[in-house]
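A look at the structure
Below are the chains, spelled out letter by letter.
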Amino acid sequence: MPQYLSTQGRVPPVSLQQALVDGLAPDGGLYVPDTVPPLPSNWRDASSFAALAQEVLAPWLENEISGYEAALRDALDFPVPLVALENAAWDGVHVLELFHGPTLSFKDFGARTMARLVARLRSDTTDPLTILVATSGDTGSAVADGFAGLPGIRVVLLFPAGQVSEVQQRQLVAPRAGVTALRVEGTFDDCQRLVKAAFSDPELKALTLSSANSINIGRLLPQMLFYVEAVRQGGFGEVVFSTPSGNLGNLTGGVLASLAGLPVRRFIAAHNANRFFPDTLAGCEVEMGASVRTLSNAMDVGAPSNFERLGALLGDRLSAMIWGTSVSDDETLAAMRRVYEATGYVACPHTAVGLEGALRYRAATGDRTPVVVMATAHPAKFPEVVEQALGVAPDVPETLARLPRAEGHAITIPPTPAALCAILLA
Ligand SMILES: *Cc1c(COP(=O)(O)O)cnc(C)c1O
């Protein structure tokens, strides 16, 4: 059973339980497992995604979290289809649709799993837990939905007024048991600042606060499953993965799967104009910096938090295993059009970055190994971009159609710690 080391190396290794509660290690580092247990020998024979999840995650979770089997069953209860693009130009390219969960992005897998694991850990305390999340998009609704209705847990979600899309806003303010949505009159950075301030506010000492951001190991481990599931469904001997990336959490899940023995030939880190990682892989000396805004906004990350983890896991094998590329907004729109015209497939702008990455990789290397592109969000989450690219609106899935159009249940607050404090103590 793995122990978890901090990438900063200044604290002793901890158990999974502790890493889940801490999120960030006390020395400011990210937790990485000290060993990667191999995939179970019979993983290709699993009868379903749910069965595969139990098999693959057992060595990580057994003896750490009692009842993890039920937690996984409950968290991972939606389909994960692998779609082959049937067209000469896209021959051997597949899309793994990770957007059939309740909030229509791949973040549902990590958020729902982490929520249920944390709830198991807290099942014998009566002390309620408050989860704070600052969000500019997909994370907030996935976390709110993942934790909603779990006993002893409340979620307080902060988003910047007027800076999320219409669909995102509807998802954020949807009424959910145990969830309070706060519309902050400020920017995303203000939201993050308020969350940080709450953790050190003496007036809030009596509350048990936690965050559920993407660096938590509990969100990372289930993301290994995407990669194993793609190979199980496709029956591939060897495979290349193209992952639309921002903070590199999804890709880190893939790297864990490959270290566990999955036959991965290469990973493609497909980024938008936020090109720190592809530039670094290409050997350029670049610095992390501010993000730039793009059409694939869930990937607008200037300083990818999981970069440190990838370095710790792969060392100098990093650029041998990962091929990077950066796709502009115009190229993203062109890729959406190209795949739609050739195959009828409607991709969200994030997925389109991954599709373009797959074609570029093939052109640059001549490698014809089957490619699986991670389809990270449902196109209906980005109707304006889809219309702009294709001239048609995406089909709206039922989960979205059911959400009320109204302002919802959000409370508007000024961007001050006192305002958040008042809500938390109310
Ligand atoms: C969060 C997100 C990404 C980026 O994933 P990382 O794990 O941060 O690299 C890509 N696409 C969508 C739709 C997302 O919500």
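**Section: the packing of aromatic side chains**
On inspection of all chains with the given rule, the structure shows 11 aromatic pairs. Arranged with centres 5.9 Å apart and planes meeting at 90°, the rings of F49 and F109 form a pair that is edge-to-face. Remark: F109 occurs in helix α4 (residues 107-121) and F49 occurs in helix α2 (residues 49-61); sequence separation between them is 60 residues. One exposure class covers both F49 and F109, and it is buried. When the centroid spacing of 5.5 Å and the interplanar angle of 80° are considered together, the rings of W323 and Y361 count as edge-to-face. Of the two residues, W323 is situated in strand β11 (residues 322-326) and Y361 in helix α15 (residues 349-365); the sequence distance between them amounts to 38 residues. One aromatic cluster in this structure is built from F49, F78, F106, F109, F226, Y227, F241 and F267.

**A short note on the sheet that holds strand β12 (residues 371-375)**
Judged by pairing direction, the sheet is mixed, and its six strands sit side by side in the order β3-β4-β12-β9-β10-β11 without closing on themselves. Strand pairing shows two members of the sheet lacking a second neighbour, β3 (82-84) and β11, which therefore form its edges. Taking each pair of neighbouring strands and ignoring which way they run, the sheet shows an average axis angle of 25°. Sheet topology places strand β9 (residues 239-244) next to strand β10 (residues 264-271); six bridges connect them, and they run parallel. Bridging from a neighbouring strand, P244 pairs with A270 of β10.

**Some remarks on the packing of α2 against helix α3 (residues 68-75)**
Relative orientation and spacing of two packed helices are given, respectively, by the angle between their axes and the distance between those axes. Running from amino to carboxyl end, α2 crosses α3 at an angle of 135°, the nearest separation of the two axes being 11 Å. With respect to α3, the axis of α2 lies oblique. Classified by chirality, the crossing of α3 by α2 is right-handed. Here A53, Q54, L57, A58 and L61 of α2 come into contact with α3, specifically with Y68, E69, L72 and R73. Residues of the contact of α2 with α3, tallied by class, amount to six nonpolar, one polar and two charged.

About the thresholds
Residues numbered from 1 in each chain as written. Predicted model: local features only at pLDDT ≥ 70, side-chain atom pairs only at ≥ 80, totals over all residues. Heavy atoms only, no water. Phe/Tyr/Trp six-rings, centres within 6.5 Å; stacked < 30°, edge-to-face > 60°. Helix = DSSP H or I, 4+ residues; strand = E, 2+ residues; numbered from the N terminus. Buried < 20%, exposed > 50% of the residue type's maximum accessible area, 1.4 Å probe, protein only. Pairing = 2+ DSSP bridges. Axes fitted to C-alpha atoms, helices over the stretch in contact; angles between N-to-C directions. Parallel < 35°, antiparallel > 145°, perpendicular 65-115°, else oblique. Left-handed = near helix turned anticlockwise from the far one by under 90°. Contact = heavy atoms within 4.5 Å. Nonpolar A, V, L, I, M, F, W, Y, C, P; charged D, E, K, R; others polar.

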